[in-house]
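Residue-level structural notes
Listed here are the chains, written in short residue letters.
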Amino acid sequence: QVQLVESGGGLVQAGGSLRLSCAASGRTFSNYAMGWFRQAPGKEREFVAGIRRSDGNTYYADSVKGRFTISRDNAKSTVYLQMNSLKPEDTAVYYCAARFALVPATDPEEYNYWGQGTQVTVSS
């Protein structure tokens, strides 16, 4: 089992920044590719960003490319999502997820473990 706990969400004005953290415990964190997803009310959960388990290669949804940065610290068993130039359409509950694989996936069904989510609200 892997337990994931997100933090860092909140209310921010458009153009502002937030940094989300996801702390993992349980099994070896470095064995897992990690992903960030988000879900807005009435919408499906969507992929935001992912990072490979070892070399740190990253992947982004087109909607966040150039604004968001995913990173990981395997020594701290933590993955981060730095969000800059936030827009009202970024408002959602953000989830981190762990996939027992080398690379992340865009399909949420491919992930083995999920955090409880953290709310991000961007006001206009």
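Residues numbered from 1 in each chain as written. Predicted model: local features only at pLDDT ≥ 70, side-chain atom pairs only at ≥ 80, totals over all residues. Heavy atoms only, no water.

Looking at the sheet that holds strand β8 (residues 78-83)
Taking strand neighbours across the sheet as the criterion, the four strands line up as β1-β3-β8-β7 in an open arrangement whose pairing is antiparallel. If you trace the sheet from one side to the other, it starts and ends with β1 (2-7) and β7 (68-73), each paired once. Averaged over all pairs of adjacent strands, the angle between strand axes in this sheet comes to 15 degrees, irrespective of strand direction. Alignment of β1 against strand β3 (residues 18-26), held across six bridges, turns out to be antiparallel. By the bridge assignment, V2 is partnered in β3 with G26. (Pairing = 2+ DSSP bridges. Helix = DSSP H or I, 4+ residues; strand = E, 2+ residues; numbered from the N terminus. Axes fitted to C-alpha atoms, helices over the stretch in contact; angles between N-to-C directions.)

Some remarks on the packing of aromatic side chains
Here the structure, examined in full by the defined rule, presents seven aromatic pairs. Aromatic rings pair up to connect F37, F47, Y95, Y111 and W114 into one cluster. It is R19 that lies over the ring of Y80; its NZ or CZ is 4.0 Å from the centre. Between the NZ or CZ atom of R45 and the centre of the ring of W114, over which it lies, the distance is 4.7 Å. (Phe/Tyr/Trp six-rings, centres within 6.5 Å; stacked < 30°, edge-to-face > 60°. Lys NZ or Arg CZ within 6 Å of the ring centre and 35° of its normal.)

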